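# Residue-level structural notes
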Amino acid sequence: MATTEQGDQLVTPWEVTAASQKGVDYDKLIRQFGSTKIEESLIERIARVTGKPAHHLLRRSIIFSHRDVGMILDAYEKGKPFFLYTGRGPSSEAMHLGHLIPFVFTKYLQDVFDVPLVIQMTDDEKFLWKDMSVEEARRLASENAKDIIAFGFDKDKTFIFSDMDYIGSSPDFYKTILRVQKCVTVNQVKGIFGFNDSDCIGKISFPAIQAAPSFSCSFPQIFGGKKDIACLIPCAIDQDPYFRMTRDAAPRLGYPKPALLHSTFLPALQGAMTKMSASEASTSIYLTDSADDIKDKINKYAYSGGQSTVEEHRRLGGNVDVDVAYQYLTFFMEDDQKLEQIKQDYSSGKMLTGELKNELIAVVQKVVAEHQERRQQVTDKEVEEFMTPRQLKYSY
């Protein structure tokens with residue numbers, strides 16, 4: 001089974017749990033999924049090829065695993081084009097901090113490589129899996145698109161699309177979906193995703209819809225009908241089962257296998273035994289939260305790696321491996337030196353839990369306030385422009 005359930009941890013596209021307060025064992029996940037750990041040599045090569053410093057998410061192993069990124073870099077060095085593909089399942093009005101990670105990293109990739117990007121809004125998936133109407137799922141896709149546009153993606157290089165809209169308007173996209181559907185059996189899909197006989201048929205056919213944007217022939221308006229342009233997919237590791245299926249189908253369809261870059265999960269506030277979830281308000285910091293909300297949630301819910309008394313903490317120090325406030329700083333504090341100083345001070349007992357939480361509160365309040373300000377500038381017209389099928393600034 002391609003989704004992973006090993007007694008002590010469960011990682012699927014719909015659920016993530018770990019038995020340890022340290023969270024998911026990512027080395028074990030790499031072995032189970034058969035991906036490749038990102039080594040220092042690959043990080044150095046990305047910096048060398050792009051001429052730009054490696055992103056802090058790469059340097060800190062938050063982007064930790066990959067499939068065939070070396071081949072993308074080989075092609076790029078020879079002047080061959082590639083494109084980026086990522087997505088969002090619009091399950092709620094407000095995105096949360098965890099949703100920032102793939103998009104922040106995708107924005108970095110778009111900037112340093114100067115390549116087109118397609119962003120799939122899987123409103124159809126959320127309709128099939130959640131208790132919501134078709135109309136509500138489509139509305140949430142547009143609302144979430146505003147958040148995505150607020151990350152600063154270049155309109156001339158970026159196409160955001162709702163599955164519900166694009167399947168209806170693009171024969172080429174639908175033909176690609178059909179080709180994938182024809183070469184994947186029901187047994188394979190059950191084995192990969194754990195579907196059973198009581199699941200609706202929409203769920204069984206959906207993985208082909210998430211697979212199709214991996215192939216350039218799904219976007220003739222961007223790639224001029226070419227079907228051989230390579231694809232790089234930055235995503236959280238729980239989405240990997242979809243793309244293992246995609247990579248298996250690609251050679252049989254005569255398409256290049258998509259390459260992947262995997263991110264770890266932002267832990268829930270209560271600890272790394274599960275990831276932050278949009279449907280669980282107490283586990284999440286939303287991009288709509290006020291400064292006071294952020295302060296209250298971190299102070300009240302963020303799991304501490306500190307000791308039970310100040311005296312004990314001064315003597316024994318805190319455990320950064322399980323402390324949620326420190327873990328969040330590794331995602332959102334860009335200053336490597338300051339982060340290392342905080343690690344040393346907290347581990348030695350010099351810094352108390354409350355002081356560490358205050359550091360995080362200041363960082364997250366700034367990240368969220370800046371995002372809210374940018375999102376307020378995004379108009380309905382701009383959303384429509386990003387979501388209109390069109391040629392981007394590249395010619396093929």
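In this report, the structure presented in the accompanying data block is examined. From a predicted model like this one, the values you see are computed outputs, not experimental measurements.

Before going further, it helps to spend a moment on the packing of aromatic side chains. Enumeration according to the criterion identifies 31 aromatic pairs in this entry. Ring geometry for F103 and F151: centres 5.6 Å apart, planes at 15°, overall stacked. On the criterion of sequence distance, the pair formed by F103 in helix α5 (residues 97-113) and F151 in the loop between α7 (134-149) and β8 (158-162) is long-range, its members being 48 residues apart. Given a relative accessible area of 2%, F103 falls into the buried group.

Topologically, T50 is positioned in helix α2 (residues 40-50). In this structure T50 comes out as buried when scored by relative accessible area, which is 12%. Separated by 2.8 Å, the side chain of T50 and the backbone oxygen of I46 make a polar contact. A distance of 3.2 Å separates a polar atom in the side chain of T50 from the backbone nitrogen of K52. In this view, T50 contacts V112 and F113; residues no more than four positions away in its chain are not counted.

Size it by volume and the largest pocket reaches roughly 1000 Å³. Surrounding the largest pocket, 43 residues form its lining, P13, H99, D238, Q239 and K275 being those nearest its centre. Top contributing element to the lining of the largest pocket by residue count: α5, with five residues. Here the lining of the largest pocket is built from residues that sort into 17 nonpolar, 18 polar and eight charged. By volume, the second largest pocket amounts to about 860 Å³. Lining of the second largest pocket is provided by 29 residues; of these, K22, Y26, S61, T264 and Q327 occupy positions nearest its centre. At the level of elements, α1 (26-33), β5 (63-67), β12 (271-275) and α16 (324-332) are the ones that each hand at least two residues to the lining of the second largest pocket. Here the lining of the second largest pocket gets four residues from one element, more than from any other, and that element is α16.

By the definition in use, this model includes 26 salt bridges. The partner of R45 in a salt bridge is E77, with the nearest N and O atoms 2.7 Å apart. With R45 in helix α2 and E77 in helix α4 (residues 69-77), the pair connects residues that are 32 residues apart, well separated along the chain. One salt-bridge network, in which partners are shared between bridges, spans E143, K146, D147, R375 and D380.

Bringing the sheet that holds β5 into the picture now. Spatially, seven strands are ordered β4-β5-β10-β9-β6-β7-β8 in an open sheet, and the strand pairing comes out mixed. Of all strands in the sheet, those bounded by a partner on one side alone are β4 (36-37) and β8. As paired elements, β5 and strand β10 (residues 259-263) share four bridges and run antiparallel to each other. Considered in β10, the bridge of I63 is made with S263.

At S61, a residue that is not glycine, the phi angle is positive and equals roughly 60°. Assignment of secondary structure puts S61 in the loop between α3 (56-59) and β5. The class of S61 is partly exposed, set by a relative accessible area of 45%.

Our focus in this paragraph is empty space enclosed by the protein. Tallied over the full model, the rule gives one cavity of 30 Å³ or more. As a volume, the largest cavity reaches approximately 40 Å³. Lining the largest cavity, in full, are I46, V69, I72, L73, L109, F113, L232 and L261. Per element, the largest residue contribution to the lining of the largest cavity is three residues, and it comes from α4. Of the residues that constitute the lining of the largest cavity, the class distribution is eight nonpolar, no polar and no charged.

The next point concerns the packing of α16 against helix α18 (residues 353-376). At a minimum axis distance of 9 Å, the contact between α16 and α18 shows a crossing angle of 35°. You can see that α16 and α18 cross each other, and the crossing is left-handed. Contact residues: A325, Y326, Y328, L329 and F332 in α16; L356, K357, E359, L360 and V363 in α18. Residue composition of the contact of α16 with α18, by class: eight nonpolar, no polar and two charged.

Put simply, α2 and α5 touch, their axes get as near as 9 Å, and they point 45° apart. Looking at the two axes, α2 sits oblique to α5. Residues I46, V49 and T50 of α2 form the contact with α5, whose own contacting residues are Y108, V112 and F113. Looking at the contact of α2 with α5, its residues break down into five nonpolar, one polar and no charged.

What counts, and at which threshold
Residues numbered from 1 in each chain as written. Predicted model: local features only at pLDDT ≥ 70, side-chain atom pairs only at ≥ 80, totals over all residues. Heavy atoms only, no water. Phe/Tyr/Trp six-rings, centres within 6.5 Å; stacked < 30°, edge-to-face > 60°. Helix = DSSP H or I, 4+ residues; strand = E, 2+ residues; numbered from the N terminus. Buried < 20%, exposed > 50% of the residue type's maximum accessible area, 1.4 Å probe, protein only. Polar contact = N/O pair within 3.5 Å; in protein donor to acceptor, adjacent residues only side chain to side chain. Contact = heavy atoms within 4.5 Å. 1 Å grid on protein atoms, 1.4 Å probe; cavity = no way out; pocket = protein on both sides within 12 Å on 5 of 7 lines; lining within 4 Å. Points joined across faces, edges and corners; volume = space filled by probe spheres on them. Nonpolar A, V, L, I, M, F, W, Y, C, P; charged D, E, K, R; others polar. Salt bridge = Lys/Arg side-chain N within 4 Å of Asp/Glu carboxyl O. Pairing = 2+ DSSP bridges. Axes fitted to C-alpha atoms, helices over the stretch in contact; angles between N-to-C directions. Left-handed = near helix turned anticlockwise from the far one by under 90°. Parallel < 35°, antiparallel > 145°, perpendicular 65-115°, else oblique.

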